[in-house]
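Listed below, chain by chain, are the residues.
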Amino acid sequence: MATLNDIGVAAAINILTAFAFFLAFAMLRIQPVNDRVYFPKWYIKGLRSSPLVNGSAFGSKFVNLDLRSYTRFLNWMPAALQMPEPELIDHAGLDSAVYLRIYLLGLKIFGPIALIAFTVTIPVNWSNNTLEHSGLTYSDIDKISISNIPIGSHKFWTHLVLAYCFTFWTCYVLKREYEIVAAMRLHFLASDQRRPDQFTVLVRNVPPYPDESVTDLVQHFFLVNHPHHYLSHQLVYNANKLSELVNEKKKIQNWLDFYQNKYKRNPLKRPSLKTGFLGLWGNRVDAIDFYTSIVERLSRDICGEREKVNSNTKSIMPAAFVSFKTRWGAAVCAQTQQSRNPTTWLTEWAPEPRDVYWENLAIPFVFLTIRRLIAAVAFFFLTFFFMIPIAIVQSLANIESIEKALPFLKPIIEVKFIKSFIQGFLPGIALKIFLLLLPTILMMMSKFEGFISLSALERRSASRYYFFQFINVFLGSIITGTAFQQLNHFIHQSTSQIPKTIGVSIPMKATFFITYIMVDGWAGVAGEILRLKPLIIYHLKNSFLVKTEKDREEAMDPGTVGFNTGEPQIQLYFLLGLVYAVVTPILLPFITVFFALAYVVYRHQIINVYHQEYESAAAFWPDVHVRVVAALIVSQLLLMGLLSTKEASQSTPLLITLPVLTICFHRFCKGRYEPAFVRYPLQEAMMKDTLERAKEANLNLKGFLQNAYIHPVFKSADGSDSESESEWERSPALVATKRTSKRFTPMPSKDGGSLLSLDQVNDECLKP
């Protein structure tokens, strides 16, 4: 078993690793040649220019020659904390600001808990010698855990009282934070600039009608049922193949631009290339002519595919983005049932245009249930079959098992430094490696399920990632680790005693989780700010692959916060902290250090690096809240089971009350604050509309919404706008319907009609 000395060695290794990362970052970030890697967000905003262009001396363009700047290598930390939260919201968006509040939530919860636990719990646990006579394998850390208290002791009342105190404190902080974030969201929606999604809903499962097209159906339905607020609509097309052609053309066009620029620099020599794999073999041809012919062919294919989409009614999905004249009208439509049949004319708030995942809009609505069932089954097998590598990782943490299986390694393993490395560092890093591919797999499963927005994809992936970590990293590590650790004790005891042995051994897994927190939390966060992988990729691309200025911009990829991976990882620390707060409180300082360090690091990254792909106005916060509540309930149930193995039966009735109270607390928060994250108050919508009409009486809302929800490939083949503003302002006449209810349809208003037809888009293909 790992001793306090082993944990100290592991802590020293991770602290030195983190410090080395911070020191390397401090040196690299002030070098002009790395400026685009460490400050890409300011380049995207156009507020920063490259020092390679503006530098005076040649050497100063690549290496910082100001020696005084090297003495201030940690000034990035206070700089990251100086930006006020309102300014941070304006700079990076509400999603990023609220994401940082998850780390603050951890500090607010575990800071006071750690102080109380160290003051009360550790002295109570230490003042016993139960483990010395138990026959179990234990360490010095286990002596300050609940496992060291004798069976039936009255000292368990201390843990019971602390469980209540920690629960009430956690619930108080959660409620206060939920209230703050809900107010931030409503204020953001009320004060935010005009956005297309505030006026637009997505309607799906439009019922078929043999004598009318989808566009006629949508226009007729909303003119009848929302006559005073309906403005326009945009159909949803299956343009996935067209999108692939457009993306391929962009890549080929980039190569063509590169060779044309190369020829301009040296007009005496026409560039050439080989047509084989990676240009290593094949016939040598003129590069400009070669790529020009491919671009021309792709242009013809794009126009042909556009014509195909336009002429084939199967390309039109039974869905549309419907825009309204007011936020109030959109809110009423998005939050009400539209027809007598609850399975048709399904409406929901349209995602922000940047948030739309266009590929999944082409999936028929009736197939979504089947897809999600398949994904659920696949996730079940993925989760439970992953126990095998988890068991292997846990076996690494047990020196005795390795020595028995591989006795020839015993002289090497018994070396003090190697033994400390294996027990204090190797299990955590091995588990981290196993989890590297998991987010990609889960995101693919979410896309298969058919979610229509990037934010929904990330929230779904995050939910499954958290569940996976709970089953495999937390429960899997406890169960398999306990089995390996106490294998000899299991074999030589009666079956009735095994639950008690497991109950005593669960607190002992704190050693493994401490090493995991240090590797993944401390060193991992320090590695995050170093951005070693983006740094290497940028310089490799800049040296060998950059062909045009567009390539240079793409090489400077800022990335995103990565909610689908970051938030579940944070939630794992909430789970560990709440479970071990009463059981083995020595783990709490490591978690507190993680939350403090991560808050500073990610604040710096959000200010200077990460570029937000979309804005969901903190729609993910209910998921954060419910997962912390779930972690709290798990900690209470595990403590209840643990005390039952300690024959502290008098505590069971009191502990049963805790999960009940926690569930009631969650239901209160869900009813009180969650509506702010799923609905838009009509009062707020009306106030915003009234204020806007007073300020901008002549607002051309249709002109504002005209391009918002057009599939990007429908705008034009080359990325330029395919229609002039005058063409957009023309309102098509209302198409006559063959329904008998036509006489009840209002006359077409000036603002009525579809936003864009594919006939207009295809005019671009016919231009010479």
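Residues numbered from 1 in each chain as written. Predicted model: local features only at pLDDT ≥ 70, side-chain atom pairs only at ≥ 80, totals over all residues. Heavy atoms only, no water.

Engineer: Any chance you could explain the overall build of the protein here in plain terms?
Structural biologist: The helix and strand inventory of the protein stands at 36 helices and six strands. Buried positions account for 51% of the 768 residues belonging to the protein. Across the protein, the fraction of contacts at a sequence separation of at least 24, relative to all contacts at a separation of at least 6, is 81%. As displayed, the protein offers around 35500 Å² of accessible surface, 63% of which is attributable to carbon and sulfur atoms. (Helix = DSSP H or I, 4+ residues; strand = E, 2+ residues; numbered from the N terminus. Buried < 20%, exposed > 50% of the residue type's maximum accessible area, 1.4 Å probe, protein only. Contact = heavy atoms within 4.5 Å. Areas by Shrake-Rupley, 256 points an atom, 1.4 Å probe, with all protein chains shown as cover.)

Engineer: Please clarify how helix H24 (residues 510–530) should be interpreted in this entry.
Structural biologist: Every α-helix carries 3.6 residues per turn, so stepping three or four residues along brings you back to the same face. Here H24 is 21 residues long and its end C-alpha atoms lie 29 Å apart, about the 30 Å a rise of 1.5 Å per residue gives. At Gly 524, H24 shows its largest bend, some 35 degrees. With 19 of 21 residues buried, H24 lies mostly within the body of the structure. Looking one or two residues beyond H24, the residue adopting positive phi is Arg 531, at roughly 55 degrees. (Expected span 1.5 Å × (residues − 1). Bend = angle between axes of the 7 residues up to and from the residue.)

Engineer: In this structure, what is going on with a positive patch on the surface? I would like to understand it.
Structural biologist: Together, Lys 262, Arg 265, Lys 269 and Arg 284 make up a positively charged patch on the protein surface. We classify Lys 269 as exposed; its relative accessible area is 60%. (Patch = residues over 30% accessible without salt bridge, like charges linked within 9 Å, V, L, I, M, F, W, Y side chains within 5 Å. Salt bridge = Lys/Arg side-chain N within 4 Å of Asp/Glu carboxyl O. Lys, Arg positive; Asp, Glu negative; His and termini not counted. Charge placed at Lys NZ, Arg CZ, Asp CG, Glu CD.)

Engineer: Is there a simple way to think about the layout of surface pockets in this case?
Structural biologist: In this structure, the second largest pocket spans a volume of roughly 1200 Å³. Along the walls of the second largest pocket sit 38 residues, with Glu 348, Trp 349, Arg 459, Ala 619 and Phe 677 positioned nearest its centre. Of all the elements in the fold, those that place two or more residues in the lining of the second largest pocket are helix H9 (156–191), strand S6 (346–349), helix H14 (368–385), helix H21 (454–485), helix H29 (621–645) and helix H31 (675–678). No other element matches the five residues that H21 contributes to the lining of the second largest pocket. By residue class, the composition of the lining of the second largest pocket is 16 nonpolar, eight polar and 14 charged. Counting residues domain by domain, the lining of the second largest pocket receives three or more from each of domain 1 (4–51 + 61–193 + 367–669) and domain 2 (210–351). (1 Å grid on protein atoms, 1.4 Å probe; cavity = no way out; pocket = protein on both sides within 12 Å on 5 of 7 lines; lining within 4 Å. Points joined across faces, edges and corners; volume = space filled by probe spheres on them. Nonpolar A, V, L, I, M, F, W, Y, C, P; charged D, E, K, R; others polar. Domains from an automatic or database assignment.)

Engineer: Could you clarify how one ought to interpret the nonpolar core in this entry?
Structural biologist: The nonpolar side chains of a soluble globular protein tend to be buried, and buried together. Counting 136 residues, the largest nonpolar core has Phe 474, Leu 576, Tyr 580 and Trp 621 as the members making the most contacts within it. In contact with Leu 576, not counting residues within four places along its chain, are Phe 474, Phe 513, Ile 517, Leu 587 and Ile 591. In terms of nonpolar packing, the next biggest core, distinct from the first, is built from 39 residues, Phe 222, Ala 320, Ala 330 and Phe 714 among them. (Core = buried A, V, L, I, M, F, W, Y, C linked by side-chain atoms within 4.5 Å.)

Engineer: When you look at the UniProt feature "transmembrane region" (unreviewed entry) in the protein in this model, what are you seeing that I'm missing?
Structural biologist: In this structure's numbering, the residues bearing the UniProt feature "transmembrane region" (unreviewed entry) are residues 6–28, 102–126, 156–174, 373–397, 417–444, 465–484 and 572–602. Secondary structure over residues 156–174 splits into 100% helix and 0% strand, and the C-alpha atoms at its two ends are 27 Å apart. Counted over residues 572–602, helix gives 87% and strand 0%. Its end C-alpha atoms are 18 Å apart. (UniProt positions renumbered as here; feature names shortened; annotations may be inferred.)

Engineer: Is there a simple way to explain the confidence of the model for the protein in this structure?
Structural biologist: Interpreting fine coordinate detail is not advised for predicted regions of low pLDDT. In the predicted model, the protein carries a mean pLDDT of 80, and 77% of its residues have values of at least 70. Low pLDDT, under 50, characterises residues 717–768; the predicted model gives this stretch 95 contacts beyond four residues in sequence or across chains. (pLDDT = per-residue confidence, 0-100.)

Engineer: Any chance you could explain the packing of aromatic side chains here in plain terms?
Structural biologist: Applying the stated criterion across every chain, the model contains 39 aromatic pairs. With a centroid separation of 6.1 Å and 85 degrees between ring planes, the pair formed by Trp 255 and Phe 258 is classed as edge-to-face. On the criterion of helical spacing, the pair formed by Trp 255 and Phe 258 is a turn pair, its members being three residues apart in helix H11 (residues 240–265). Assessed through its relative accessible area of 33%, Trp 255 is described here as partly exposed. Overall, the relative accessible area of 18% leaves Phe 258 in the buried class. Put simply, the rings of Tyr 99, Tyr 103, Phe 110, Tyr 573, Phe 574, Phe 594, Phe 595 and Tyr 602 pair up and form one aromatic cluster. Of note, Arg 270 hangs over the ring of Tyr 263, and the distance from its end group to the ring centre comes to 5.0 Å. Cation over ring: Arg 372 sits above Phe 451, and NZ or CZ is 4.5 Å from the ring centre. (Phe/Tyr/Trp six-rings, centres within 6.5 Å; stacked < 30°, edge-to-face > 60°. Lys NZ or Arg CZ within 6 Å of the ring centre and 35° of its normal.)

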